[in-house]
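Residues per chain, in single letters:
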Amino acid sequence: EAQVTQNPRYLITVTGKKLTVTCSQNMNHEYMSWYRQDPGLGLRQIYYSMNVEVTDKGDVPEGYKVSRKEKRNFPLILESPSPNQTSLYFCASSLFRQGSGELFFGEGSRLTVL
Amino acid sequence: SQQGEEDPQALSIQEGENATMNCSYKTSINNLQWYRQNSGRGLVHLILIRSNEREKHSGRLRVTLDTSKKSSSLLITASRAADTASYFCATDYTNRDDKIIFGKGTRLHILP
């Protein structure tokens, strides 16, 4: 089954404790992206990757890091989480560049930073 | 901000009625997509309409695009309880390579 898998789905952590949210897709997609969703603000792009070893900032990259060492994986790293990073996070992938076709989304990771 | 705006923000209708949501955007686009999100879940792609298209259909969904007004509408006919969700438009602007901009969404509630 074609899917984007995120882990963990739910996480409560404390300020400053490094964490990684993993994302994996099994569709051989070139494009992967991370979004955060906050009430009243919609989805905002954090980082994206056009292909292996190619990453670029989205609209709200501060406080986040990503890597793309393999085509299927695109982890999101919060080196020193802060309460303003409490949010619902989505990973998504598409076959080619983002706007040219359908984005496939993971089920989301709800992060709470205390 | 180039973020698109959906209208209305929230909509409640009786089951069986038609639901119409609108999306306005700011500058020229390559295409526009509509997505559905059930509460707290991942977004699901519904339909993509290109800038040179005016209307597309998919089952009970009908999407129109008016580039002169920089707006799109999503019509869901004969609504069902399962259509209760948030609906987002996502615009692929011509001046923003590799990025699409999501609107804030319309929350649709279908009343039994």
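None of these values were measured; they are calculated from a predicted model.

Here we look at the state of the cysteines
All names here are of chain A.
Part 1 of the argument: Per the stated rule, a full pass over the model turns up two disulfides over all chains.
Part 2 of the argument: One disulfide in the model links Cys23 with Cys91; its S-S distance is 1.9 Å. One disulfide, between Cys23 and Cys91, carries an S-S torsion of -75 degrees and so falls in the left-handed class. With Cys23 in strand S3 (residues 19–25) and Cys91 in strand S9 (residues 87–94), this residue pair connects regions lying 68 residues apart in the sequence. Each member of the pair, Cys23 as well as Cys91, carries the same accessibility label: buried.

Remarks on the nonpolar core
Part 1 of the argument: Leu32, Trp34, Leu74, Ile76, Tyr87 and Leu108 of chain B are the most contacted members of the largest nonpolar core, which has 23 residues in total.
Part 2 of the argument: Elements represented by at least two residues in this core include exactly strand S3 (19–24), strand S4 (29–37), strand S5 (43–50), strand S7 (61–66), strand S8 (71–76), strand S9 (85–93) and strand S11 (106–111) of chain B.
Part 3 of the argument: The element best represented in this core is S9 of chain B, accounting for four residues.
Part 4 of the argument: If we ignore the near neighbours within four places in the chain, the residues touching Tyr87 of chain B are Glu6, Met21, Tyr35, Arg36, Leu46, Leu74, Ile76, Gly105, Thr106 and Leu108 of chain B.
Part 5 of the argument: Listed in part, the 19 residues of the second largest apolar core include Val4, Trp34, Ile46 and Val66 of chain A.

Calculation rules
Residues numbered from 1 in each chain as written. Chains lettered and ligands numbered in written order. Predicted model: local features only at pLDDT ≥ 70, side-chain atom pairs only at ≥ 80, totals over all residues. Heavy atoms only, no water. Disulfide = S-S within 2.5 Å. Helix = DSSP H or I, 4+ residues; strand = E, 2+ residues; numbered from the N terminus. Buried < 20%, exposed > 50% of the residue type's maximum accessible area, 1.4 Å probe, protein only. Core = buried A, V, L, I, M, F, W, Y, C linked by side-chain atoms within 4.5 Å. Contact = heavy atoms within 4.5 Å.

Worth remembering: the numbers are spatial, not functional.
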